[in-house]
Amino acid sequence: MHELSIVTHVAETLDEIAAENGITRIGSVTLEIGEVSGIITDYFVDCWDYFKVRHPLLREAVLKLEEIKAVTFCEDCKREYETVKYAKICPYCGSEHTFLVTGNECNIKEIEAETD
């Protein structure tokens, strides 16, 4: 389970942002999680809830998760398709010359916070 280490990294990033911007309390954090990021959202939420009570800045923070759909691009036919549905093989031309465009991210999208 790598979810706890990701939560820890997110918290460290939020600490840096808070220090740079005079943030004293975070009300909510919105994260974008890629569909094929390997993050299990149920575990992630459990880790967040466990971690936040031990971290003063996040103690009252609500976690909001938004999914980023996985999209793959085919270099041969220049089309995009749903990664989860078709995997590495392009459904349009059958090529394996494909790469993931989106869907493996974990981004802090929005922070609702109070400043000094």
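Each value, and the rule that gives it
- Residues numbered from 1 in each chain as written.
- Predicted model: local features only at pLDDT ≥ 70, side-chain atom pairs only at ≥ 80, totals over all residues.
- Heavy atoms only, no water.
- Salt bridge = Lys/Arg side-chain N within 4 Å of Asp/Glu carboxyl O.
- Helix = DSSP H or I, 4+ residues; strand = E, 2+ residues; numbered from the N terminus.
- Buried < 20%, exposed > 50% of the residue type's maximum accessible area, 1.4 Å probe, protein only.
- Core = buried A, V, L, I, M, F, W, Y, C linked by side-chain atoms within 4.5 Å.
- Contact = heavy atoms within 4.5 Å.
- Pairing = 2+ DSSP bridges.
- Axes fitted to C-alpha atoms, helices over the stretch in contact; angles between N-to-C directions.
- Phe/Tyr/Trp six-rings, centres within 6.5 Å; stacked < 30°, edge-to-face > 60°.
- Patch = residues over 30% accessible without salt bridge, like charges linked within 9 Å, V, L, I, M, F, W, Y side chains within 5 Å.
- Areas by Shrake-Rupley, 256 points an atom, 1.4 Å probe, with all protein chains shown as cover.

> Can you walk me through the pattern of salt bridges in this structure?
Pairs can form between side chains of opposite charge whenever their charged atoms are close. Under the counting rule described, the total for this entry stands at 5 salt bridges. Here Arg25 ties to Glu60 by a salt bridge, and the two come within 3.5 Å at their closest N and O atoms. You can see Arg25 sitting in strand E1 (residues 23–34) and its partner Glu60 sitting in the loop between helix H2 (41–52) and strand E2 (62–68), a full 35 residues away along the chain. Under the relative-accessibility criterion, Arg25 is labelled partly exposed at 28%. For Glu60, a relative accessible area of 55% puts it in the exposed group. A salt bridge links Lys69 to Glu67; its shortest N-O distance comes to 3.2 Å. Look at Lys69 and you get exposed, because its relative accessible area is 52%. Residues participating in the shared-partner salt-bridge network are Arg25, Glu60 and Glu114.

> Would you mind going over the nonpolar core with me for this structure?
As a rule of thumb, nonpolar side chains are buried together in soluble globular proteins. Grouped together as the largest cluster of nonpolar side chains are 20 residues, with contacts concentrated most on Leu14, Ile26, Leu31, Phe44, Trp48 and Leu58. The set of elements that each furnish at least two residues to this core consists of helix H1 (3–21), E1 and H2. Other than its neighbours up to four places away in sequence, Leu14 contacts Ile26, Val29, Trp48, Leu57, Leu58, Ile108 and Ile111.

> How should I be thinking about the sheet that holds strand E3 (residues 71–74) in this particular structure?
What links the strands of a sheet is backbone hydrogen bonding, and the strands pair in either a parallel or an antiparallel sense. Ordered in space as E4-E3-E5, the 3 strands form an open sheet in which the pairing is antiparallel. Since the sheet does not close on itself, it has two edges, and those belong to strand E4 (80–82) and strand E5 (98–102), each with one partner. Neighbour to neighbour, the strand axes of the sheet diverge by 40° on average, direction disregarded. Sheet topology places E3 next to E5; 4 bridges connect them, and they run antiparallel. Following the sheet pairing, Phe73 is matched in E5 by Phe99.

> How should I be thinking about the packing of aromatic side chains in this particular structure?
Aromatic ring pairs are defined here through the distance separating the ring centres and the angle between the ring planes. This structure, assessed with the given rule, holds 2 aromatic pairs. Taking 5.4 Å as the distance between ring centres and 55° as the angle between the ring planes, the aromatic pair formed by Phe73 and Phe99 counts as tilted. With Phe73 in strand E3 and Phe99 in strand E5, this residue pair connects regions lying 26 residues apart in the sequence. The exposure class of Phe73 is buried, given its relative accessible area of 19%. Residue classification places Phe99 among the partly exposed residues on the basis of a relative accessible area of 40%.

> So what exactly am I meant to see when it comes to a nonpolar patch on the surface here?
A contiguous nonpolar patch, built from Val36, Val84 and Leu100 and spanning about 220 Å² of accessible area, is present on the exposed surface. Relative to the elements of secondary structure, Val84 occurs in helix H3 (residues 83–86). Residue classification places Val84 among the exposed residues on the basis of a relative accessible area of 54%.

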